[in-house]
Amino acid sequence: MSGHDGHVGHDGHDGHDGLAGIPGRFGDDRVQITESYGDTTLDVAPADWIELLTHVRDDLGYAFFDWLTGVDEPPDAFAVVAHVYNPAAGRRLLLRTRVPRDDPRLPSAVPVYRGANWHERETYEMFGVIFDDHPNLVPLLLPDGFEGHPLRKDFILAARVAKPWPGAKEPGESGHGAPSRRKTLPPGVPADWGPPDA
């Protein structure tokens, strides 16, 4: 069904998975269908996000919204990924789009799947992706006054400098025992950040 590159062509669909009409509806230039580890992923531009969600729900039977999250893809984008399920067919889909890092905005999926509400709030808080027309896009999990987006790869993990890092494997890296070599900073901490002896 899929080629060596993971791309599924028009003739790769037999119609049983309900995806045969996707290329005809969106055209080759608006949707990319790939298969990876048994999962089917549909990639579209942000402008086609709501149309894709609506189409798979209304026309293909993917009525169950499972989850939505972000993925930091430095240096220029965030991916937004939604997982939906067709209970009658027992099939699942990953729906994905990419928003630019300098203006991470996407129309809210809440009018299509009400269950996206919580997930969009979490993605907004953790990655900084703004979901336009979300009914209540306010912080969800972090304490009041928290600054930054902790799941971005450029977020400084201050706790790894403030106290010993539990993932150290060499003597001296966690502050216990004599250092056997130059002390190194734990992952996620820029070299020029922290106390002078870090």
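For the structure itself, look to the data block above.
Residues numbered from 1 in each chain as written. Predicted model: local features only at pLDDT ≥ 70, side-chain atom pairs only at ≥ 80, totals over all residues. Heavy atoms only, no water.

A.B. asks: Could you give me a rundown of the pairing of strand β1 (residues 31-36), with the residues and numbers involved?
C.D. replies: In this sheet, strand β2 (residues 39-44) lies alongside β1 in antiparallel orientation, the contact comprising six bridges. Across the sheet, residue Q32 finds its bridge partner in β2, namely D43. (Pairing = 2+ DSSP bridges. Helix = DSSP H or I, 4+ residues; strand = E, 2+ residues; numbered from the N terminus.)

A.B. asks: Would you mind going over the side chain of D72 in detail, with residue names and values included?
C.D. replies: Assignment of secondary structure puts D72 in strand β3 (residues 64-73). Polar contacts involving the side chain of D72 include one to the side chain of R101, which spans 2.6 Å. For D72, the side chain forms a polar contact with the main-chain nitrogen of K153, separated by 2.6 Å. (Polar contact = N/O pair within 3.5 Å; in protein donor to acceptor, adjacent residues only side chain to side chain.)

A.B. asks: Mind laying out helix α2 (residues 49-58), listing which residues take part and the relevant values?
C.D. replies: Listing the buried residues of α2 in full gives W49, L52, L53, H55 and V56. Summarising the axial view, the buried residues of α2 lie within an arc of 165 degrees, below the 170-degree limit, and thus occupy one face. Contact partners of the buried residues in α2: α1 (22-26), β2, β3, β4 (77-86), β5 (91-100) and β6 (105-107). (Buried < 20%, exposed > 50% of the residue type's maximum accessible area, 1.4 Å probe, protein only. Arc of directions from axis to C-beta. Contact = heavy atoms within 4.5 Å.)

A.B. asks: Run through the pattern of salt bridges, naming residues and quoting values.
C.D. replies: The final tally for this structure, using the stated rule, is twelve salt bridges. Note that R98 is salt-bridged to D76, the shortest N-O span being 3.7 Å. Note that R98 is positioned in strand β5 and D76 in the loop between β3 and β4, a separation of 22 residues in sequence. Given a relative accessible area of 43%, R98 falls into the partly exposed group. Each of R25, R30, D48, E51 and D59 takes part in one network of salt bridges that share partners. (Salt bridge = Lys/Arg side-chain N within 4 Å of Asp/Glu carboxyl O.)

A.B. asks: Which residues make up the packing of aromatic side chains, and what values go with them?
C.D. replies: The final tally for this structure, using the stated rule, is three aromatic pairs. A centroid spacing of 5.5 Å and a plane angle of 35 degrees characterise the contact between F65 and Y113, whose relative ring orientation is tilted. Remark: Y113 occurs in the loop between β6 and α3 (116-127) and F65 occurs in strand β3; sequence separation between them is 48 residues. You can call F65 buried: its relative accessible area is 11%. A relative accessible area of 4% places Y113 in the buried class. On the basis of an interplanar angle of 70 degrees and a centroid distance of 6.4 Å, the ring pair of F78 and F127 is categorised as edge-to-face. Here the residue F78 occupies a position in strand β4, and F127 occupies one in helix α3, the gap between them amounting to 49 residues. (Phe/Tyr/Trp six-rings, centres within 6.5 Å; stacked < 30°, edge-to-face > 60°.)

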